[in-house]
Amino acid sequence: MNDETTGQLTSHWQIPNYARNMLWLTTESGSAKTEGAQGLFTLAVPATLLTLRWGGEEGGALTQFKWQPDTLAWDGSVRIGGYLEALHLTELPGIEEPMMIATVDGQPLRPQLAAYPNASQRPHGIPRPDFFAGIDDDCDLTLTTWLIPADSLYAGSLQDALSNRIRVYLFGRLPEDRAGWQKHLALPLLLEAMTMFPL
């Protein structure tokens, strides 16, 4: 498949069944629905930046990729920057612990963004955190929903972010089919990390 318009989202990881008909790639010049467990796609014209969306070409943005031949090497990860719009606390059938569902209005994080300066950046110094430098503000704001155990270390921070309109980066992933979260949410995203920015 080594050309500039045909590829697949994943290489080793398989897209969960519930997500296989829900993923679209959009570019500056169009969109393409992905197909199957590996997310096969064909673009109308070559593109350097691709946005993965949920539910359609106007759906919620999940993450972005720089073009690379054959596979975009997606592993189910989702990266969003924005504001919390709501927090819902509930007990879900079959789940032992109470859960928090966070609704976030946001935009995808740029592919080159690192959540924090890692060891490979040591020679370059520590850059000043800048919320707006990390998001793609050419994308419209879209809604995503995130699952967090109510006793998670993130729960208090999310409540602060909602109450004080604090900007956040959220990092997480689509859960596997066997986890069963798709039975409860239209778009289940599991929160794995977050960054908070002052007003």
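Look a little higher up for the structure.
(A) Region of the structure containing the overall build of the protein chain. The helix and strand tally for the protein chain stands at two helices and twelve strands. When the elements of the protein chain are put in sequence order from the N terminus, they spell out β-β-β-β-β-β-β-β-β-α-β-α-β-β. Here the C-alpha radius of gyration of the protein chain, 17 Å, is about what a compact globule of 199 residues would show, namely 16 Å. With the principal axes as the frame, the protein chain shows a C-alpha extent of 45 × 45 × 30 Å. Out of the 199 residues in the protein chain, the part that is buried amounts to 46%. On the protein chain, roughly 10,500 Å² of surface is accessible, and the fraction owed to carbon and sulfur atoms is 50%. Of the charged side chains in the protein chain, 13 are positive and 23 negative, and the gap between their average positions amounts to 5 Å.

(B) Examining the sheet that holds strand β10 (residues 142-149) more closely. Ordered by their spatial adjacency, five strands build a closed barrel running β8-β9-β10-β12-β11, and the pairing between neighbours is mixed. Adjacent strand axes in the sheet meet at a mean angle of 50 degrees, parallel and antiparallel pairs treated alike. Examined bridge by bridge, strand β9 (residues 99-108) and β10 share eight bridges and lie antiparallel to one another. Across the sheet, the residue bridging to M100 is I148, located in β10. The sheet contacts of helix α2 (residues 155-164) involve β8 (77-90), β9, β10, β11 (167-173) and β12 (189-197), and relative to β8 the element is tilted by about 90 degrees.

(C) Seen up close, the pairing of β12. The pairing of β10 with β12 spans two bridges and is classified as parallel. Opposite L147, over in β12, you have L190 as the bridge partner. Where β11 lies against β12, seven bridges are found, and the strand directions are antiparallel. Residue pairing for β12: V168 is matched across the bridge by M196.

(D) Structural context of empty space enclosed by the protein. In the structure shown here, the tally under the stated rule is one cavity of 30 Å³ or more. Taken together, T27, S29, G30, S31, L43, A44 and V45 form the lining of the largest cavity. Considered class by class, the residues forming the lining of the largest cavity number three nonpolar, four polar and no charged.

(E) Highlighting α2. Along α2, the positions that sit buried rather than exposed are A155, L158 and A161. Taken around the axis of α2, the buried residues stretch over an arc of 125 degrees, which confines them to a single face. Looking at the buried side of α2, the elements it contacts are β8, β9, β10, β11 and β12. Positive backbone phi, approximately 55 degrees, marks R165, located one or two places after α2.

(F) Examining the side chain of T144 more closely. Along the polypeptide, T144 turns up in strand β10. We classify T144 as buried; its relative accessible area is 2%. A polar contact is formed between the side chain of T144 and the side chain of W146, at a distance of 2.9 Å. Once residues within four sequence positions are removed from consideration, T144 is found in contact with A61, L62, I80, A102, T103, V104, L187 and L189.

(G) Seen up close, the layout of surface pockets. The calculated volume of the largest pocket comes to roughly 470 Å³. Grouping the constituent residues of the lining of the largest pocket by class yields five nonpolar, nine polar and eight charged. Taken as a whole, the second largest pocket holds about 370 Å³ of empty space. Along its surface, the second largest pocket is lined by 19 residues, and L113, A114, P127, R128 and P129 are the ones closest to its centre. Within the residue set of the lining of the second largest pocket, elements represented by two or more residues are α1 (131-134) and β12. Partitioning the lining of the second largest pocket into residue classes produces twelve nonpolar, four polar and three charged.

Cut-offs used in this document
- Residues numbered from 1 in each chain as written.
- Predicted model: local features only at pLDDT ≥ 70, side-chain atom pairs only at ≥ 80, totals over all residues.
- Heavy atoms only, no water.
- Helix = DSSP H or I, 4+ residues; strand = E, 2+ residues; numbered from the N terminus.
- Rg over C-alpha atoms; globule rule 2.2 N^0.38 Å.
- Buried < 20%, exposed > 50% of the residue type's maximum accessible area, 1.4 Å probe, protein only.
- Areas by Shrake-Rupley, 256 points an atom, 1.4 Å probe, with all protein chains shown as cover.
- Lys, Arg positive; Asp, Glu negative; His and termini not counted.
- Charge placed at Lys NZ, Arg CZ, Asp CG, Glu CD.
- Pairing = 2+ DSSP bridges.
- Axes fitted to C-alpha atoms, helices over the stretch in contact; angles between N-to-C directions.
- Contact = heavy atoms within 4.5 Å.
- 1 Å grid on protein atoms, 1.4 Å probe; cavity = no way out; pocket = protein on both sides within 12 Å on 5 of 7 lines; lining within 4 Å.
- Points joined across faces, edges and corners; volume = space filled by probe spheres on them.
- Nonpolar A, V, L, I, M, F, W, Y, C, P; charged D, E, K, R; others polar.
- Arc of directions from axis to C-beta.
- Polar contact = N/O pair within 3.5 Å; in protein donor to acceptor, adjacent residues only side chain to side chain.

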